Amino acid sequence: MLFTSGGPISAALQTALGLSNEETLRAAWRIANGSVTKFLYNGEGIALASFNETAHLALRRDPALITYR
């Protein structure tokens, strides 16, 4: 799946980790714009593989590229 917003990413994160609504909202504000989060689906549910990766942005050596809401 591909998401372009922190909302769907947060909802998937909540499902994968069993987070409360409050924990999910806190996590949503930590998602960097343009970051990569990966989930694995095993036929029964989803699991978090990686969260909020920004290495592809850091390669450009411009810290201004990593922004938040």
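All values derive from a computational prediction rather than experimental measurement. (Residues numbered from 1 in each chain as written. Predicted model: local features only at pLDDT ≥ 70, side-chain atom pairs only at ≥ 80, totals over all residues. Heavy atoms only, no water.)

Peer 1: Help me understand the packing of helix α1 (residues 6-17) against helix α2 (residues 21-28), please; the structure alone is not making it clear to me.
Peer 2: The geometry of a pair of packed helices is captured by two quantities: the angle between their axes and the separation between those axes. Running from N to C, α1 and α2 point in directions that differ by 135 degrees, and their axes come no closer than 9 Å. By the angle class used here, α1 and α2 are oblique. Judged by the sense of rotation from one axis to the other, the crossing of α1 with α2 is right-handed. Contacts between α1 and α2 involve S10, L13 and Q14 from the first element and N21, T24, A27 and A28 from the second. Broken down by class, the residue content of the contact of α1 with α2 amounts to three nonpolar, four polar and no charged. (Axes fitted to C-alpha atoms, helices over the stretch in contact; angles between N-to-C directions. Helix = DSSP H or I, 4+ residues; strand = E, 2+ residues; numbered from the N terminus. Parallel < 35°, antiparallel > 145°, perpendicular 65-115°, else oblique. Left-handed = near helix turned anticlockwise from the far one by under 90°. Contact = heavy atoms within 4.5 Å. Nonpolar A, V, L, I, M, F, W, Y, C, P; charged D, E, K, R; others polar.)

Peer 1: Would you mind going over the confidence of the model for the protein with me for this structure?
Peer 2: Caution applies to low-pLDDT parts of the model: their predicted coordinates are not meant to be read in detail. Counting all residues, the mean pLDDT for the protein is 87, and 96% of those residues have values of 70 or more. Predicted confidence in the protein is weakest over helix α3 (residues 55-58), with a mean pLDDT of 80, and strongest over α2, with 95. (pLDDT = per-residue confidence, 0-100.)

Peer 1: Can you help me understand the side chain of T37 in this one?
Peer 2: Tracing the backbone through its elements, the reader meets T37 in strand β1 (residues 36-41). A relative accessible area of 18% means that T37 is categorised as buried. Engagement of the side chain of T37 in a polar contact is seen with the backbone nitrogen of N52, the distance being 3.1 Å. Excluding residues that lie within four positions of it along the chain, T37 makes contacts with I9, L48, S50, F51 and N52. (Buried < 20%, exposed > 50% of the residue type's maximum accessible area, 1.4 Å probe, protein only. Polar contact = N/O pair within 3.5 Å; in protein donor to acceptor, adjacent residues only side chain to side chain.)

Peer 1: Please explain the pairing of β1 as it appears in this structure.
Peer 2: Every regular strand shows the same layout, with side chains that alternate between the two sheet faces. Of the pairings in the sheet, the one linking β1 to strand β2 (residues 46-53) comprises five bridges and is antiparallel in character. When the bridges of β2 are listed, Y41 appears paired with I46. In this antiparallel pair of consecutive strands, β1 and β2, the connection spans four residues, and G43 shows a positive phi of 95 degrees. (Pairing = 2+ DSSP bridges.)

Peer 1: Help me understand α2, please; the structure alone is not making it clear to me.
Peer 2: Along α2, the residues classified as buried are T24, A27 and A28. The buried residues of α2 occupy an angular sector of 100 degrees when projected down its axis, which confines them to one face. Set apart from the buried face of α2 by more than 90 degrees, the exposed residues are E22 and L25. Buried residues in α2 make contact with α1 and β2. (Arc of directions from axis to C-beta.)

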